[in-house]
Amino acid sequence: MTILEIALASQIWARRHEQHRLEFTESDGLKVLFRTAFVFVAFTLLIAGLNLAAGRPQMLAQHPAPVVAER
């Protein structure tokens, strides 16, 4: 069997054996909210870490933007 056939068979087996929940509970909404917040914080920390590693932390408007010299 190729990898594609194995993956397809695995998906079919999983769908046949999964139990469907039709109702949306309040805890489901909280899980979505917490996961969204976690992803946002993780992405923000990743960007901040990359900026620090590059040696250029982002500063917001502490210095005026440099004027482009004539070319």
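Quantities reported herein were computed from a predicted structural model and do not represent experimental measurements.

### Some points on the overall build of the chain
Move 1: Of the regular secondary structure elements, the chain holds two helices and zero strands.
Move 2: Taking all 71 residues of the chain together, the buried fraction comes to 3%.

### Overview of a nonpolar patch on the surface
Move 1: A surface patch of nonpolar side chains, about 380 Å² in accessible area, is lined by F43, L46, I47 and L50.
Move 2: Among the secondary structure elements, L46 is positioned in helix 2 (residues 26-53).
Move 3: On the basis of relative accessibility, which here comes to 47%, the residue L46 falls in the partly exposed class.

### A closer look at helix 2
Move 1: A rise of 1.5 Å per residue sets the reference length of helix 2, with its 28 residues, at 40 Å; its end C-alpha atoms lie 41 Å apart and thus fit the reference within 8%.
Move 2: Following helix 2 by one or two positions, G55 has its phi on the positive side, about 80°.

Definitions and cut-offs
- Residues numbered from 1 in each chain as written.
- Predicted model: local features only at pLDDT ≥ 70, side-chain atom pairs only at ≥ 80, totals over all residues.
- Heavy atoms only, no water.
- Helix = DSSP H or I, 4+ residues; strand = E, 2+ residues; numbered from the N terminus.
- Buried < 20%, exposed > 50% of the residue type's maximum accessible area, 1.4 Å probe, protein only.
- Patch = residues over 30% accessible without salt bridge, like charges linked within 9 Å, V, L, I, M, F, W, Y side chains within 5 Å.
- Areas by Shrake-Rupley, 256 points an atom, 1.4 Å probe, with all protein chains shown as cover.
- Salt bridge = Lys/Arg side-chain N within 4 Å of Asp/Glu carboxyl O.
- Expected span 1.5 Å × (residues − 1).

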